[in-house]
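One letter stands for each residue in the lines below.
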Amino acid sequence: MEAVAPSRSFNLPVLLEQLDQDELTTFKNILRNLSQQNELQQVAPAEIKEADGRQLAEMLADRCPRYWVETVTVQVFEKMNRMDLSEQAKDELGELSQKSLQEKPMALRIVWTHPAKCARMEDPLERLKDPAFVSCLKCGVWIVPANRPNGSVLSPPPRLAGPAEDKEDAYRSVLKQKFAKAWEDDLRLGDAESIQAFARRYEALIPFCSPKAHEGPFPHTVVLQGPAGVGKSVLARKVLRDWLQRGLGLPFQFAFYLSCPELRGEPACTFAELLCRDCPELRDAVVRGATQARHVLLVLDGFDELRAPTGALVSDICGDWTQPKPVPVLLSSLLKRKLLPRATVLVTTRPQALRELRILVEQPLLIQLHGFSEQDRRLYFLRRFPDEAQALRALDAVRGNAALFELDAAPAVCWLTCACLGAQLERGEDPAAACATTTELFLRFLCGRCAPGPHLRAALGALSRLAARGVWAQVSGFCGPELRALGLAEQELRPFVASGVLREDGDRAGSYSFAHLSVQQCLGALFYLLEAAEGGAADDDDVGPVRQLFSTKARADNPGLAWTGRFLFGLLNQERARELEAAFGCRVSARVLQELLGAEGGRPVLAELDTAEALCCLHESQDDALVREAMVPFQELTVHLRDTTELVQAAFCLQRSQNLQSLWLQVDKAVFAPDAADKEAAGARSRDDKHLLLCWTNLCSVLGSNSKLAFLDISQSVLSAPAVQVLCDHLAASSCCLQKLALRNTQPEDAYRDLCLSVHGHRTVTHLTLQGSDQVDTLPPLCEVLRHPYCQLQYLQLASCSATTQQWAALTLALGENQSLMFLNLTAVELLDTGAKLLCVALRHPRCPLQRLSLESCYLTEASCKELSSALIVNQRLTHLSLAENDLGDGGVKMLCEGLSYPECCLRVLVLWCCNVTSEGCAALSQLLQQTSSLTHLDLGLNHIGLVGLRFLCEALKDPCCSLQCLWLWGCSIPPFSCADLSSVLAINQTLVSLDLGQNSLGFSGVKMLCEALKLAQCPLRTLRLKIDESDAHVQKVLRETRESNPQLHIESDSRDPRRPRPSAQDFIF
């Protein structure tokens, strides 16, 4: 046979590298058996035996005819039952041949030189039996017999006519019939134009639907992911409908649709039976066509509802079409490319199933669906209401509830909302009342769409049970057997189907699903209340207990429980309970509420939730008495407002909180300052500013209405100017009883100044913290606060604040006049030596009340120490001074020691952490400590004092006059042999109760020397911090023995987080 073929071949090394060692050996054995004409004569058997996959591929490419290598490789893979590799090889050959055909069409042909073989191949049925011909057929290469004129080409094999073609058409008819009603239901969610516009927008993101928009090869798997009801299935069915009606950009010869909700619980079957479950009589023809087709589309709808057992999706992967397997195993094998490896798979799923899906699928294209855009929703409302004014009024009402407006991105919820608000407007009622909460809207929809009367009571109870079971099983549909198990006839569901609460599945008789997952969750919550009203608990084995709805672990496994819990609180509203009783004759129990609030001695379920979720549940109730009772246990709250919805919810609940004592508040930019780049969003938000400001006013009202609220911390926040004004107005009110107030890293810059003005003359505020680099003109109003005769400030922190020399001078004068301030924290303030000198003027004032002063990281040098030293002599109230992280050096320490040596000095705590102190500075401190000094706490951490410096300190600690109680030597470069000096000190000293040697590598020898002294009964040390090697058994043994002999000693392992304050910070209390 003479061949004129493309110059390129398929990637054999990559194919062979996918074989394990046993499979590679099998490949070699079959390869030798198929070599009938000595094609392997150029390759020694020993070389083949020793070669790995890549080496074997190179041998075959270099020494064997290419056409033979290509053909026999496909045959070997098929004999090994590695159909995935066989199909991959055929695909590569086909793509290479098509490229060559485009580049050199006249050169691409195969000429047979064996007339007998050519004659046999003239028979179409015989040609289909020849593997080489099938390979060429899949490559798009036509055969030229040798007895034909040179260059003449046989026409491609004709499409199989007759029964085969009829069965293919019959299969298409089955699919069309299957989806006819489903497409009608999709469009019934609203006007067809809205649904189709939505589908077209997202369809453009799918590569095989819009190939011009994407370059390169299409991904084998496309995943449409998004929340429930946003149109994933609608879009998938539209793709399938387009294929049935007119085809797509790529020529899919076959398409299949598999619904995971339908397949859940199905018995084991073969893959062929799975694909043809709707048309078993066409199975053989469809399977044959699908295996031979180059392009196959497979839609896997609702992957998240497959609900396979843990591990089932990745075990027992199968590539055999004829072997019965559980449905999850078959679908996993499909996604793992063991079955239909060339197929294009379109998967729809909710986000919670993405993790399992990623395990099965390599490099999928993920397309996030958000449902209706804001513009889509506006157009939808305009089309659904006959009058534009009514449509916009209804839309504004929905906008007032951000959570509901977000749910309206789902077409089904959008339809439900319009139906309910349309009825409200027809009755002349305000639509805003129905949109107060999502529960309120759904309940009005349910009561308004179903004909009132007790005849639906039993049906509603059974339906709520089905809904609750589905919530816990994470499925949205149910069928005839489930109805019969509850004694519920299908005709009893007709009112709910007619009202739109339920949808009947068009392709499965007797099967139903809820209009939307949120409707199911609302009815599932109702189940708990109806069961309790009947005198029992929710004892259904398929439904979890009511408290489990609020379990963090349960919600992590089943995110749908969160909304069910919110709806439960929403249904506990007394007015809504009366509406249900009037409409359906069912009574709602109040016993569930007592259980949720822990009235029977249990822990309140809200304590299990984070603050945002707890406030969300309470807001959903819209019941004043319920919220007031539920908020009683909350004395401290940390509230993080991420969006306007959380602001509304927090405002509603905090207004009704009478036991709150401490509140930490963080307000994100999205609440008051939307992205100005989004003009449409900014325009929409401007209409809501008044509503937001009203909610913020309600939230701030807790400052005056709750006399127990003593602490407020606003951090990492972005407020609008009006919001700052509202906050300051409530702070300045006489009814505000706050004692501690902190504003940290908050915008706008004017907020700091305005806050100072609001506490001017305030009689209860004793602690004020202002922290942030954006403080502008804060000191002038602060000085006025300090000068006010009614000022009660005892603690003031100005962190990261910058000011001019004149402003520091003004603050100094104000400190001299103030008689209440005892604690001043200027950490990370760019004070400089000039500012420190001005501050010392205030310290020397005879009536200066300051007791504790922190000047950490204030850019001070040795030049400041002389003024500080003189101030220490004069000031007899200052007991704590922190100069950490200032470059004072040994000279600065010597100057400080001069002031500390005076008997008038009362300083007890001195922090010199990271102040560039060496052994010379330790010598000055040693001399001071050997005198009669008031100093009891000394922090020398992160200073390189070394061996010499430690010896100076040990001399002081041995002196009976030394009164030092706590010594911090964290990270001071102390060597192991210095522990001998420390050990001798610990055996003598009678005052030292705390010693920090963290971040010093003392080793086993050093620890052992220390422990010898610590075992002595007279050693007063109670706390020792060491850098401990947990893996050193000898060190662990010595420490264990020391703890046993001295049980009063607490030995800590130094594991300090660099982000935390220095070790002595707890003793330097502000």
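Our subject is the structure listed above.
Residues numbered from 1 in each chain as written. Predicted model: local features only at pLDDT ≥ 70, side-chain atom pairs only at ≥ 80, totals over all residues. Heavy atoms only, no water.

(A) Representation of the packing of aromatic side chains within the structure. What the rule picks out here adds up to 17 aromatic pairs. Seen from their ring centres, Phe-198 and Tyr-202 are 5.2 Å apart, and the 65 degrees between their planes marks the pair as edge-to-face. Remark: Tyr-202 and Phe-198 occur in helix 11 (residues 192–203); sequence separation between them is four residues, near one turn of the helix. A residue is classified by how much of its surface remains accessible, and Phe-198, at 1% relative accessible area, is buried. Joined through ring pairs, the aromatic side chains of Phe-198, Tyr-202, Phe-372 and Tyr-380 make up one cluster. Sitting over the ring of Phe-405, Arg-377 keeps its end group 4.4 Å from the ring centre. Over the ring of Tyr-790 we find Arg-763; its NZ or CZ atom is 3.6 Å from the centre of that ring. (Phe/Tyr/Trp six-rings, centres within 6.5 Å; stacked < 30°, edge-to-face > 60°. Helix = DSSP H or I, 4+ residues; strand = E, 2+ residues; numbered from the N terminus. Buried < 20%, exposed > 50% of the residue type's maximum accessible area, 1.4 Å probe, protein only. Lys NZ or Arg CZ within 6 Å of the ring centre and 35° of its normal.)

(B) Quick peek at the environment of Gly-560. The residue Gly-560 is located in helix 29 (residues 560–571) in this model. In the structure, Gly-560 is positioned 11 residues away from Leu-549 in sequence and 9.3 Å away in space, judged by C-alpha atoms. Contact partners of Gly-560, with chain neighbours within four places excluded, come to Val-471 and Gln-521. (Contact = heavy atoms within 4.5 Å.)

(C) Local environment of the pattern of salt bridges. Considering all chains together, one arrives at 35 salt bridges under this definition. Here Arg-54 ties to Glu-17 by a salt bridge, and the two come within 2.8 Å at their closest N and O atoms. Here Arg-54 is found in helix 4 (residues 53–63), whereas its partner Glu-17 is found in the loop between helix 1 (12–16) and helix 2 (21–33), with 37 residues between them in sequence. We classify Arg-54 as partly exposed; its relative accessible area is 37%. Where Arg-277 meets Glu-266, a salt bridge forms, and the shortest distance between an N and an O atom there is 3.8 Å. Within this pair, whereas Arg-277 is found in the loop between helix 14 (271–275) and helix 15 (283–292), its partner Glu-266 is found in the loop between helix 13 (260–263) and helix 14, the two being separated by 11 residues in sequence. Residues joined by salt bridges that share partners form a network here, namely Arg-427, Glu-429, Glu-440, Arg-444 and Arg-576. (Salt bridge = Lys/Arg side-chain N within 4 Å of Asp/Glu carboxyl O.)

(D) Spatial organisation of the sheet that holds strand 7 (residues 344–349). Pairing is parallel across the open sheet formed by five strands, whose spatial order is 5-6-7-4-8. Where the open sheet ends on each side, the last strands, each with one partner, are strand 5 (254–259) and strand 8 (365–368). This sheet shows a mean twist of 15 degrees between the axes of neighbouring strands, independent of strand direction. Bridge count for strand 4 (residues 221–225) against strand 7 is five bridges, and the pairing is parallel. (Pairing = 2+ DSSP bridges. Axes fitted to C-alpha atoms, helices over the stretch in contact; angles between N-to-C directions.)

(E) Highlighting the packing of helix 18 (residues 374–384) against helix 19 (residues 388–399). Where helix 18 meets helix 19, the closest approach of the two axes is 8 Å, and the angle between their N-to-C directions is 135 degrees. Taken together, the axis directions place helix 18 and helix 19 in an arrangement best described as oblique. The chirality of how helix 18 crosses helix 19 is right-handed. On helix 19, the residues touching Glu-374, Arg-378, Phe-381 and Leu-382 of helix 18 are Glu-388, Ala-391, Leu-392, Ala-394, Leu-395, Val-398 and Arg-399. (Parallel < 35°, antiparallel > 145°, perpendicular 65-115°, else oblique. Left-handed = near helix turned anticlockwise from the far one by under 90°.)

(F) Examining the sheet that holds strand 9 (residues 477–478) more closely. As summarised here, the arrangement of the three strands in space is 9-11-10, forming an open sheet in which the pairing is antiparallel. Edge positions in the sheet fall to strand 9 and strand 10 (502–504), since each of these pairs with one other strand and no more. Of the pairings in the sheet, the one linking strand 9 to strand 11 (residues 512–514) comprises two bridges and is antiparallel in character. Residue Phe-478 lies in a different strand from strand 11, and its bridge partner there is Tyr-512.

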